[in-house]
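The primary structure of each chain is shown beneath.
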Amino acid sequence: MDVTALGGLLLGVGAVVGGLLTYLGKRGENALTGYSSLTNDLQEERDRLDRKVNELNTRLAEQAALRAADQAEIARLRGLIPPGGPL
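Criteria and thresholds
Residues numbered from 1 in each chain as written. Predicted model: local features only at pLDDT ≥ 70, side-chain atom pairs only at ≥ 80, totals over all residues. Heavy atoms only, no water. Helix = DSSP H or I, 4+ residues; strand = E, 2+ residues; numbered from the N terminus. Rg over C-alpha atoms; globule rule 2.2 N^0.38 Å. Buried < 20%, exposed > 50% of the residue type's maximum accessible area, 1.4 Å probe, protein only. Areas by Shrake-Rupley, 256 points an atom, 1.4 Å probe, with all protein chains shown as cover. Salt bridge = Lys/Arg side-chain N within 4 Å of Asp/Glu carboxyl O. Patch = residues over 30% accessible without salt bridge, like charges linked within 9 Å, V, L, I, M, F, W, Y side chains within 5 Å.

Trainee: Hey, could you run me through the overall build of the protein in this one?
Mentor: Of regular secondary structure, the protein possesses one helix and zero strands. Relative to the compact-globule value of 12 Å for 87 residues, the protein shows a C-alpha radius of gyration of 37 Å, a clear excess of over 25%. The principal-axis extents of the C-alpha atoms in the protein amount to approximately 125 × 20 × 10 Å. Out of the 87 residues in the protein, the part that is buried amounts to 1%. On the protein, roughly 7,800 Å² of surface is accessible, and the fraction owed to carbon and sulfur atoms is 64%.

Trainee: It is not clear to me how the pattern of salt bridges should be interpreted in this structure. Could you clarify?
Mentor: A side chain of one charge can pair with a side chain of the opposite charge if their charged atoms are brought near each other. Counting across every chain of the model gives two salt bridges. Measuring nitrogen to oxygen at the nearest pair gives 3.1 Å for the salt bridge that ties Asp47 to Arg46. When the shortest N-O distance is used, the salt bridge between Arg76 and Glu73 registers 2.7 Å. Of this pair, Arg76 and Glu73 both sit in helix H1 (residues 3-80), three residues apart, roughly one helical turn.

Trainee: Sorry if this is basic, but what is going on with a nonpolar patch on the surface here?
Mentor: Where nonpolar side chains cluster on the molecular surface, the patch consists of Leu6, Leu9, Leu10, Val13, Val17, Leu20, Leu21, Tyr23 and Leu24 and spans about 860 Å² of accessible area. Within the secondary structure layout, Leu24 lies in helix H1.

Trainee: Would you mind going over the environment of Leu42 with me for this structure?
Mentor: Considering the arrangement of structural elements, one finds Leu42 in helix H1. In this structure Leu42 comes out as partly exposed when scored by relative accessible area, which is 49%. Along the primary structure Leu42 and Asn30 are separated by 12 residues, whereas in three dimensions their C-alpha atoms are 18 Å apart.

As structure tokens, then:
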């Protein structure tokens, strides 16, 4: 095998390896982009769920305040009933 043929063979192998490395690099880039997109989606979902939890906690606090007011009203009304029941 002469030098020209060996050089051509090495050039061909180099081109194939270069193409393979480019392909693998692009796959890695696509994987990183997909990972970033997934991370952003998860963060948005977490933020949305945090807002929903805060809203539900606010509603729960409102309901607890109404319950406390109802309990106070029941206690007040019970205090109006004479001992031994109504006459």
